[in-house]
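Coordinates in review
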Amino acid sequence: MIKKITMLALTVCTLCATDAQAQIKLGGKTLNAQKLVQAGADMIKAVTLSDADIAALSREAVEWMDNNNPVSPDTSAYSQRPRRLTENVKVDGLELNFKVYEVADVNAFACGDGSVRVFSSLMDLMDDQQLMGVIGHEIGHVVHADTKDAMKNAYMASAARNAAGSAGGTLAKLTDSQLGDLVQAFSNARFSQKQESAADDFGFDFCVQNGMDPHSMASALEKLAELSQDSQSSGLQRMFSSHPDSQKRAERMRARAEELIQQQQQ
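Summarised in this report is the structure supplied together with it.

What counts and how
- Residues numbered from 1 in each chain as written.
- Predicted model: local features only at pLDDT ≥ 70, side-chain atom pairs only at ≥ 80, totals over all residues.
- Heavy atoms only, no water.
- Helix = DSSP H or I, 4+ residues; strand = E, 2+ residues; numbered from the N terminus.
- Buried < 20%, exposed > 50% of the residue type's maximum accessible area, 1.4 Å probe, protein only.
- Contact = heavy atoms within 4.5 Å.
- Areas by Shrake-Rupley, 256 points an atom, 1.4 Å probe, with all protein chains shown as cover.
- Salt bridge = Lys/Arg side-chain N within 4 Å of Asp/Glu carboxyl O.
- Expected span 1.5 Å × (residues − 1).
- Core = buried A, V, L, I, M, F, W, Y, C linked by side-chain atoms within 4.5 Å.
- Pairing = 2+ DSSP bridges.
- Axes fitted to C-alpha atoms, helices over the stretch in contact; angles between N-to-C directions.
- Lys, Arg positive; Asp, Glu negative; His and termini not counted.
- Polar contact = N/O pair within 3.5 Å; in protein donor to acceptor, adjacent residues only side chain to side chain.

We now examine the overall build of the protein chain. A tally of helices and strands in the protein chain yields 12 helices and 5 strands. Each of the 266 residues in the protein chain was classed as buried or not, and the buried ones make up 48%. Sequence-distant contacts, at least 24 apart, represent 68% of the contacts inside the protein chain between residues at least 6 apart. Accessible area of the protein chain: about 13,600 Å², with a carbon and sulfur share of 51%.

Now the structure itself:
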């Protein structure tokens, strides 16, 4: 993969040396050199994104999200609830900040700058223990670099679309801007079974370390499994498509909780 990216970058640099604004004829098609240059730059940036880059991109993308969603006021019960639950919560390397979106979708996400965004409809469906399980799970995806990988993939997809668009015509985009692409990357990401399991384990430890019932993570997943049986709305379907096999994962978390309780009683 890296060799292919490097070859693309060299090709783009050669085109750039002629004229970044030029329209180039190749294979009977008119190529926009400026779009090719940007495509190559995006490819290279995707490969070399550092943790600091991820944090900066996350801040920009979350700011875009905050400006394009109804953010619950600081004085609302929605905003006060996660603040109360996480008042003394600390995660190494992340300075957590929380906001609630008052929207119909059932979802939550965290990203590389420590921003955690919870959707009000999810909060309506879950008690405090379950909500902390979800929050811990989403933070786990950041700590384990799953979100970073998702953002790299978003850059790759953006570069591929830019390269395709360089041949003229309308450039198709998943969203109205590259920021929208990044938002999609961490708010609707589909992670592997291994990544989901690791995030569940982080969520379990997160809850226990912050004084929650050891069953919190299992209870959260059981709630998702219960809701998934009646997931007719697009918001529910979106969350369950990115968090599959909730019941099996709940059973594993409940087994962990029972094991921990037995150890504590010995």
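Past the structure itself, the notes keep going.
Next up on the list: the pattern of salt bridges. Tallied over the entire structure, the rule returns 10 salt bridges. Taking the shortest distance from any N to any O, the salt bridge between Asp66 and Arg117 comes out at 3.0 Å. Residue Asp66 is located in helix α3 (residues 51-67), and its partner Arg117 is located in strand β5 (residues 115-119); the two are separated by 51 residues in the primary sequence. Residue classification places Arg117 among the buried residues on the basis of a relative accessible area of 2%. Residues joined in a network through salt bridges with shared partners are Asp201, Asp205, Arg252 and Arg256.

Here helix α10 (residues 216-228) is 13 residues long and its end C-alpha atoms lie 18 Å apart, about the 18 Å a rise of 1.5 Å per residue gives. Counting buried residues in α10 gives 10 out of 13 residues, a clear majority hidden from the surface. If you check which residues of α10 are buried, you get Ser216, Met217, Ala218, Ser219, Ala220, Leu221, Lys223, Leu224, Ala225 and Leu227.

Among the nonpolar cores identified, the biggest contains 33 residues, and Val91, Val118, Leu122, Met132, Ile135, Ile139 and Phe206 are the most heavily contacted of them. Those elements that provide at least two residues to this core are β4 (108-110), β5, α5 (120-125), α6 (128-143), α9 (193-209), α10 and α12 (246-265). Counting residues per element, this core draws most heavily on α6, at 6 residues. Each residue touching Val91, except ones within four places of it in the same chain, is listed here: Leu96, Ile139, Val143, Phe202 and Phe206. The next biggest cluster of nonpolar side chains, apart from the first, holds 5 residues, and it includes Met65, Tyr101, Phe109 and Phe119.

Within the secondary structure layout, Gln130 lies in helix α6. Setting aside anything within four residues of it in sequence, one finds Gln130 in contact with Leu125, Ser216, Ser219, Ala220 and Lys223.

Quick look at the sheet that holds β5 now. Strands in a sheet are paired, the pairing made by backbone hydrogen bonds, and the direction either parallel or antiparallel. An order of β3-β5-β4 is seen for the 3 strands of this open sheet, with the pairing classed as mixed. With one partner strand each, in any of the chains shown, β3 (97-101) and β4 form the two edges of the open sheet. When strand polarity is set aside, the average angle formed by the axes of neighbouring strands in this sheet is 15°. Across 3 bridges, the pairing between β4 and β5 is antiparallel. Residue pairing across strands places Ala110 opposite Val116, the latter belonging to β5. The sheet strands contacting α6 are β3, β4 and β5, and the helix crosses β4 at an angle near 40°.

Here we take up the environment of Glu259. By secondary structure assignment, the location of Glu259 is in helix α12. Using a relative accessible area of 46% as the deciding quantity, one classes Glu259 as partly exposed. Considering only alpha carbons, one finds Glu259 and Pro214, 45 residues apart in sequence, at a separation of 9.8 Å.

A word on the side chain of Asp146. Among the structural elements, Asp146 can be located in helix α7 (residues 146-165). Buried and without a salt bridge, Asp146 has Lys194 as its closest oppositely charged side chain, separated by 9.4 Å. Among the polar contacts listed, one links the side chain of Asp146 to the side chain of His141, at a separation of 2.8 Å. Within polar-contact distance, the side chain of Asp146 engages the side chain of Gln195 at 3.2 Å. With residues near it in sequence (within four places) discarded, Asp146 still touches His141, Phe191 and Gln195.

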